[in-house]
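A look at the structure
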Amino acid sequence: MSPEMKAMLRAAAEREHRTLSNMIEHLLIDYCERHAIPRPLLTEERPASNRRTSGGAL
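The sections below set out a description of the structure shown in this document. From a predicted model like this one, the values you see are computed outputs, not experimental measurements.

Within the protein chain one finds 2 helices and 0 strands. Put simply, the protein chain has 58 residues, and 7% of those count as buried. Looking at the protein chain as shown, the accessible area adds up to about 5,600 Å², and 57% of this sits on carbon and sulfur atoms.

In this structure the tally under the stated criterion is 2 salt bridges. Measuring nitrogen to oxygen at the nearest pair gives 4.0 Å for the salt bridge that ties R18 to E16. In this structure, the salt-bridge partner of D30 is R34, at a minimum N-O distance of 2.9 Å. Of this pair, D30 and R34 both sit in helix α2 (residues 20-34), 4 residues apart, which is roughly one turn of the helix. Assessed through its relative accessible area of 57%, R34 is described here as exposed.

Bringing helix α1 (residues 3-16) into the picture now. Between its terminal C-alpha atoms α1 stretches 20 Å, which fits the 20 Å expected from 14 residues at 1.5 Å a residue. Immediately downstream of α1, the backbone of H17 shows phi near 55 degrees, a positive value.

To continue, consider the packing of α1 against α2. Direction vectors running N to C along α1 and α2 enclose 90 degrees, while the axes themselves pass 9 Å from each other. The pairing of α1 with α2 is recorded here as roughly perpendicular in orientation. Residues K6, L9, R10, A12, A13 and E16 of α1 touch α2, and the partners they reach there are L20, M23, I24 and L27. Here the contact of α1 with α2 is built from residues that sort into 7 nonpolar, no polar and 3 charged.

Reading guide: rules and limits
Residues numbered from 1 in each chain as written. Predicted model: local features only at pLDDT ≥ 70, side-chain atom pairs only at ≥ 80, totals over all residues. Heavy atoms only, no water. Helix = DSSP H or I, 4+ residues; strand = E, 2+ residues; numbered from the N terminus. Buried < 20%, exposed > 50% of the residue type's maximum accessible area, 1.4 Å probe, protein only. Areas by Shrake-Rupley, 256 points an atom, 1.4 Å probe, with all protein chains shown as cover. Salt bridge = Lys/Arg side-chain N within 4 Å of Asp/Glu carboxyl O. Expected span 1.5 Å × (residues − 1). Axes fitted to C-alpha atoms, helices over the stretch in contact; angles between N-to-C directions. Parallel < 35°, antiparallel > 145°, perpendicular 65-115°, else oblique. Contact = heavy atoms within 4.5 Å. Nonpolar A, V, L, I, M, F, W, Y, C, P; charged D, E, K, R; others polar.

Here it is as structure tokens:
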């Protein structure tokens, strides 16, 4: 990613109070929804180290 694109991503994320990775997720989900791209069904469970918990910080 070019420095200019990263700066744009950082500015957008800060405006939305998001992390950079969460901003990318948000933009990708929005794009897919607007273009009728379905979310794939996940058949494999992520490793425990990558799972999010419902009650704690990320």
